[in-house]
Amino acid sequence: MAPSAAPQRIVIENAAIATVDAQDTEYASGHLVVADNRIESIGAGPAPEGLENVVRRIDATGHLITPGLVNTHHHFYQWITRGLATDHNLFNWLVALYPTWARIDEPMVRAAAQGSLAMMARGGVTTAMDHHYVYPQGSGDLSGAIIGAARDMGVRFTLARGSMDRSEKDGGLPPDFAVETTEGALAATEETVKKHHDASFDAMTQVAVAPCSPFSISTELLREGAALGRRLGVRMHTHGSETVEEEKFCHELFGMGPTDYFESTGFLGEDVWMAHCVHMNDSDIAAFARTKTGVAHCPSSNARLAAGIARVPDMLAAGVPVGLGVDGTASNESGELHTELRNALLINRLGAHKEAALNARQALRLGTYGGAQVLGRAGQIGSLEAGKLADFVLWKIDGIGHSSIADPVTAIVFGAAAPVTASFVNGKQIVEANRLLTVDEEAIARDTRAEAQRLARIAASA
Ligand SMILES: Nc1nc2[nH]c(O)nc2c(=O)[nH]1
């Protein structure tokens, strides 16, 4: 949306503000002025006087304004297979669920995308991503359904067009009927980028090239995927170094660990971000720092699947860009990102750095600016600065859950999940009092339940 000749302004005043800019500038009581889809001004005290075309004024007393949360790893389709294989590690969990996932179709994927997006958006996510890697033959336009769901909800979105081509017959983990051919996956990925990727400053939809994981893709798909992403000028994404089993798999098949394997195929770089990165030694972290490869840290999923604790403090110290991920909701049933700020902080304190691992402001940065960095959008979103896109959240901090905590950032990170009074994406409000304004939440709840039941029936009779 190009700024119009006479911009329409929204003026918000009397809020605590955490900008998450490079200096971590905060205001105890400040203003935010939105002009069309951009932040026009932000600062201490009331908004400048004499502003024209003010269409709305918000008194944000009792609120903290932060940048909108940015989710960097998810698998939306898993919304309709939550609560299954609850006591499994990654490989056993995947083997248990692949046969069901291989039966998804377009209506199921649309409903699951709506459920996943709704759960995140009502909790302050303004930019979402979906790593979708299961494309059963004849299942319809799954990418189109996912992108349509994000567009309808009004959330900024990256589709990571995933793929799998290494099945059991080639030494991989997925069953033979769950994968695509290498050529088919590459062609479909290119088509999706050409059809849907928007490279503009205020893009609402972007597409990344995203082969799934070392044990579900061929070396050719990884190498050609990296080449395709660079030829098309889009980002690349995959899973890496998630578990000890994956590490063993890579050593046995490729004679090296996951990070060296990814580097040997061209799948490290400032245009790549990788989910999990739990089992990284010093040299792996140095390789990520040298190449500026990003990390999607998924603390709840890593705990749910007993994968381990990623070395986030070491990554940050080395200069690795790190964002947060919900991960698919078959391995993180809550489906929320705002609670991942707290979980990232707490889980990392169980790691080697203990109480010095992460503080509240670092956790907020992971969920905002860090996420924008790994999605390649730090110039446009992730911090509240004049000229950036108007993606932000008003967290209510004067209620029972937070009012007795003096510091607003501590309140929303250490405290209970804070209520979202309002959430704006691209200058448009999409959430009011924790309710989505753009879609019917009850209809989504009904549809996702019906599609989960339909999938379970189909899988049981297969
Ligand atoms: N946490 C997850 N890890 C994965 N690896 C892989 O190949 N698929 C998955 C997944 O769905 N979740």
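Residues numbered from 1 in each chain as written. Predicted model: local features only at pLDDT ≥ 70, side-chain atom pairs only at ≥ 80, totals over all residues. Heavy atoms only, no water.

Engineer: Describe helix α14 (residues 441–461), and please don't skip the residues or the numbers.
Structural biologist: In this model α14 runs 30 Å from its N-terminal to its C-terminal C-alpha over 21 residues, within 8% of the 30 Å that 1.5 Å per residue would give. Every buried residue of α14 is listed here: Glu441, Ala443, Ile444, Thr448, Glu451 and Leu455. Within α14, the buried residues cover an arc of 135° as seen down the axis, which keeps them to one side. Residues of α14 that are exposed and angled more than 90 degrees away from the buried face: Arg446, Arg449, Arg457, Ala460 and Ser461. At its buried positions, α14 is contacted by α1 (90–101), α2 (106–121), α3 (142–153) and β17 (435–436). The distance from a side-chain oxygen at the start of α14 to the backbone nitrogen of Glu442 is 3.0 Å, and the residue carrying that oxygen is Asp440. (Helix = DSSP H or I, 4+ residues; strand = E, 2+ residues; numbered from the N terminus. Expected span 1.5 Å × (residues − 1). Buried < 20%, exposed > 50% of the residue type's maximum accessible area, 1.4 Å probe, protein only. Arc of directions from axis to C-beta. Contact = heavy atoms within 4.5 Å. Polar contact = N/O pair within 3.5 Å; in protein donor to acceptor, adjacent residues only side chain to side chain.)

Engineer: Give me the lowdown on the pairing of strand β5 (residues 63–67), citing residues and values where you can.
Structural biologist: Along β5, five of the five residues are buried, which leaves the element largely enclosed by surrounding structure. Bridge count between strand β1 (residues 9–18) and β5: two bridges; the pairing is parallel. Bridged to Ala16 within β5 is Leu64. Here β5 runs beside strand β14 (residues 392–396); their pairing, made up of five bridges, is antiparallel. Its bridge partner being in β14, Ile65 is matched across the sheet by Leu394. (Pairing = 2+ DSSP bridges.)

Engineer: Describe the domain arrangement of the protein chain, naming the residues involved and giving the relevant values.
Structural biologist: Domain annotation of the protein chain identifies domain 1 (9–67 + 382–436) and domain 2 (69–374). Computed over C-alpha atoms only, the centres of domain 1 and domain 2 are separated by 29 Å. Both faces considered, domain 1 and domain 2 share a buried interface measuring about 2,600 Å² in area, 62% of it formed by carbon and sulfur atoms. Across the pair Asp391 and Arg156 runs a salt bridge whose closest N-O atoms are separated by 2.8 Å. Linking domain 1 with domain 2 are ten residue pairs in polar contact (both at pLDDT 80 or more), by the criterion used here. Looking at the side of domain 1 that touches domain 2, the elements that each hand over two or more residues are β5, β14, α13 (408–414), β15 (420–425) and β16 (428–432). (Domains from an automatic or database assignment. Buried area = accessible area lost by both parts, 1.4 Å probe. Salt bridge = Lys/Arg side-chain N within 4 Å of Asp/Glu carboxyl O.)

Engineer: Go over the pattern of salt bridges, please, and point to the residues and values.
Structural biologist: Inspection of every chain in the model, using the stated rule, returns 24 salt bridges. Two residues, Asp24 and Arg365, come together in a salt bridge whose shortest N-O distance is 3.1 Å. Taken together, the positions of Asp24 in the loop between β1 and β2 (26–35) and Arg365 in helix α12 (residues 360–374) put the pair 341 residues apart, joining distant regions of the chain. Among the residues examined, Asp24 registers a relative accessible area of 30% and is labelled partly exposed.

Engineer: Give me the site of the ligand: which residues, what numbers.
Structural biologist: Taken together, 15 residues sit near the ligand, with Gln78, Tyr133, Ser213, Glu242 and Asp327 positioned nearest. Contact between the ligand and Gln78: an oxygen atom at 2.9 Å from a side-chain N or O atom of the residue. Within the side chain of Tyr133, one N or O atom sits 2.6 Å away from an oxygen atom of the ligand. Burial of the ligand by the protein amounts to 100% of the accessible area it has alone, namely 290 Å². (Near = heavy atom within 4 Å. Areas by Shrake-Rupley, 256 points an atom, 1.4 Å probe, with all protein chains shown as cover.)

Engineer: Residue-level account of the packing of aromatic side chains, with values.
Structural biologist: According to the stated counting rule, one finds 13 aromatic pairs in the structure shown. Pairing Tyr77 with Trp101 gives two aromatic rings, centres 5.1 Å apart and planes at 90°, and the pair type is edge-to-face. One end of the pair, Tyr77, is in the loop between β6 (69–70) and α1; the other, Trp101, is in helix α1, and 24 residues separate them in sequence. Consider the rings of Phe392 and Phe424, whose centres lie 4.8 Å apart with planes at 15°: the pair is stacked. (Phe/Tyr/Trp six-rings, centres within 6.5 Å; stacked < 30°, edge-to-face > 60°.)

Engineer: An account of the pairing of β16 is requested, with residue identities and associated values reported.
Structural biologist: Relative to β16, β15 is paired through four bridges, and the arrangement is antiparallel. If you follow Ser423 over to β16, its bridge partner there is Val431. Linking two consecutive strands that pair antiparallel, namely β15 and β16, is a turn of two residues; a positive phi of about 55° is found at Asn426 within it. Pairing analysis gives two bridges linking β16 to β17, with the strands arranged antiparallel. When the sheet's bridge partners are listed, Val431 is paired in β17 with Leu436. Where β16 folds back on β17, the antiparallel hairpin that results is connected by two residues, among which Ala433 adopts a positive phi of roughly 50°.

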